[in-house]
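# Summary of the model geometry
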Amino acid sequence: MAEETEVSRLLEGRVAIVTGAGRGIGRAHALELARHGARVVVNDFGVSLAGEGTTETPAHEVVAEIEAMGGEAVVNGADVADFAAAEAMVRQAIDVYGGLDILVNNAGFVRDRMLVNTSEDEWDSVVRVHLKGHFAPLRHAGAYWRAEAKEGRQRAARVVNTSSGAGLQGSIGQATYSAAKAGIAGLTLVAAAEMGRYGVTVNAIAPVARTRMTEGAFDTSAMALPEDNSPIVAWLASEEAGDVTGRVVEIDGSVITVENGWSHGASHDNGVRWEAAQVGPALRELFAAGPAPEPVYGAS
Ligand SMILES: NC(=O)c1ccc[n+]([C@@H]2O[C@H](COP(=O)([O-])OP(=O)(O)OC[C@H]3O[C@@H](n4cnc5c(N)ncnc54)[C@H](O)[C@@H]3O)[C@@H](O)[C@H]2O)c1
């Protein structure tokens, strides 16, 4: 039994940051990465579901849980969308554990609202936490990995971003969140293409889990658990996954699905500039030639 446990540890000696790891899915990722031998920077800003400040310190509890199972972890309290704080978080991993191999961008919150009721502040806050909250740690970790590669110390670096079915298929009442999560899928593609030369893979998951985020919005009684998502993250973060990059994987309990993003569908070359009156029939023919778009979640 002891031997079996040893063989299955995929992340021995690796150093990881998991953002928003105090609760929900991020907490499950942090515990799973630690179980596989990674030393983990457990980041959490300790905010409410809507992103407001609280006095809670959930990251401390997760660090204690990891230590209790014999692992190594340290708390980071950064707001991931704060550019300087994100840089300090990357620096903390390097200072405390001597480097960084894995970045799991997961932190975020929702302020669900129909598009026409969305306030400017709701839009800005949700876009900020997800999009900038992915960009800032990725930007600083990427600069570190590029510097390491240039010094001849290339690391098998792995980034796992967090998109959502809302971002990929769309979700009624979540226009802002959907836009941010779609942006994360786009960011993943470009980061993967740019950073491969430094030994970095960049993928994204679209998780599903019963957490405080979904409990208020849906019937979650049959919903997957946070920890159902984390083995996929652990594998994507392993050295073994070096040939997988620029991919988005949906996880729903025991089902994993490859998400196919935008791709060129049917096209028609008119030979000369289109007359507006010609466009309708031509576009309708092209639409009919391909599959209909999947319905937006919640659309009747
Ligand atoms: N739960 C689902 O079914 C589901 C589905 C699709 C995508 N997601 C995504 O998965 C991720 C985790 O969601 P969850 O359901 O576990 O939510 P959650 O609210 O349980 O956990 C999110 C954590 O992120 C932290 N956080 C929020 N803003 C932060 C910031 N600026 N800096 C650092 N930490 C911050 C919160 O304090 C919280 O502990 C989110 O990106 C969410 O959008 C969740």
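Here goes a summary of the coordinates provided. The model shown is predicted, which means the values in this text are computed figures rather than measured ones.

### Side note on the overall build of the protein chain
Looking only at helices and strands, the protein chain features ten helices and eight strands. Taking 300 residues into account, the globule formula puts the C-alpha radius of gyration at 19 Å, and the protein chain, at 20 Å, falls close to it. Counting only C-alpha atoms, the protein chain reaches 70 × 45 × 40 Å along its principal axes. Per-residue burial for the protein chain yields a buried fraction of 47% across its 300 residues. Considering only contacts in the protein chain between residues 6 or more positions apart, those separated by 24 or more positions represent 71%. Taken as a whole, the protein chain presents about 15400 Å² of accessible surface, with 54% of it coming from carbon and sulfur. Charged side chains of the protein chain number 24 positive and 39 negative; the gap between the two group centres comes to 6 Å.

### With respect to the pairing of strand S8 (residues 255-258)
Alignment of strand S7 (residues 248-252) against S8, held across four bridges, turns out to be antiparallel. Among the inter-strand pairings, Ile251 is bridged to a residue of S8, identified as Ile256. In sequence, S7 turns back onto S8 through a hairpin of two residues, with Gly253 there showing a positive phi of about 65 degrees.

### Some details on the sheet that holds strand S4 (residues 102-104)
Spatial strand order, S3-S2-S1-S4-S5-S6-S7-S8: eight strands in an open sheet with mixed pairing. The open sheet has two edge strands with one neighbour each: strand S3 (73-76) and S8. If you compare each strand with its neighbour and ignore which way they point, the axes differ by 20 degrees on average. As paired strands, strand S5 (residues 157-162) and strand S6 (residues 200-206) are joined by six bridges and run parallel to one another. The partner of Val159 across the bridge, within S6, is Val202.

### Structural notes on the site of the ligand
Lining the immediate surroundings of the ligand are 30 residues, of which Asp44, Asn106, Tyr177, Thr211 and Arg212 lie closest. For the ligand, a nitrogen atom lies 3.2 Å from a polar atom in the backbone of Phe45. Burial of the ligand by the protein amounts to 97% of the accessible area it has alone, namely 840 Å². Where the shell around the ligand is concerned, the elements lending two or more residues are helix H2 (24-35), helix H5 (120-150), helix H7 (175-195) and helix H8 (212-215). When residues of the shell around the ligand are assigned to their parent elements, the largest contribution, three residues, is made by H8. Classifying every residue of the shell around the ligand by side-chain character gives 13 nonpolar, twelve polar and five charged.

### Considerations on the pattern of salt bridges
For the coordinates displayed, the defined rule picks out eleven salt bridges. In this structure, Arg155 engages Asp101 in a salt bridge whose closest nitrogen and oxygen atoms are separated by 2.9 Å. Here Arg155 is found in the loop between H5 and S5, whereas its partner Asp101 is found in the loop between helix H4 (83-97) and S4, with 54 residues between them in sequence. Among the ionic pairs, Arg153 bridges to Glu148, the shortest N-O distance being 2.8 Å. What makes Arg153 partly exposed here is its relative accessible area of 45%.

### Section: H4
Taking 1.5 Å of rise per residue, 15 residues should cover 21 Å, and H4 covers 22 Å from first to last C-alpha, within 8% of that figure. When we look at burial in H4, the residues that qualify are Ala85, Ala86, Met89, Val90, Gln92, Ala93, Ile94 and Tyr97. The inward-facing, buried residues of H4 abut strand S1 (15-18), strand S2 (39-43), S3 and H5. For H4, the capping residue at the N-terminal end is Asp82, with a side-chain oxygen 3.1 Å from the backbone nitrogen of Ala84. Within two residues after H4, Gly98 carries a phi angle of roughly 85 degrees, on the positive side.

### Observations regarding a nonpolar patch on the surface
On the surface, Met114, Leu115, Val116, Ile172 and Val296 cluster together into a nonpolar patch covering about 500 Å² of accessible area. Tracing the sequence through the fold places Leu115 in the loop between S4 and H5. With a relative accessible area of 58%, Leu115 lands in the exposed category.

Thresholds, definitions, all that
Residues numbered from 1 in each chain as written. Predicted model: local features only at pLDDT ≥ 70, side-chain atom pairs only at ≥ 80, totals over all residues. Heavy atoms only, no water. Helix = DSSP H or I, 4+ residues; strand = E, 2+ residues; numbered from the N terminus. Rg over C-alpha atoms; globule rule 2.2 N^0.38 Å. Buried < 20%, exposed > 50% of the residue type's maximum accessible area, 1.4 Å probe, protein only. Contact = heavy atoms within 4.5 Å. Areas by Shrake-Rupley, 256 points an atom, 1.4 Å probe, with all protein chains shown as cover. Lys, Arg positive; Asp, Glu negative; His and termini not counted. Charge placed at Lys NZ, Arg CZ, Asp CG, Glu CD. Pairing = 2+ DSSP bridges. Axes fitted to C-alpha atoms, helices over the stretch in contact; angles between N-to-C directions. Near = heavy atom within 4 Å. Polar contact = N/O pair within 3.5 Å; in protein donor to acceptor, adjacent residues only side chain to side chain. Nonpolar A, V, L, I, M, F, W, Y, C, P; charged D, E, K, R; others polar. Salt bridge = Lys/Arg side-chain N within 4 Å of Asp/Glu carboxyl O. Expected span 1.5 Å × (residues − 1). Patch = residues over 30% accessible without salt bridge, like charges linked within 9 Å, V, L, I, M, F, W, Y side chains within 5 Å.

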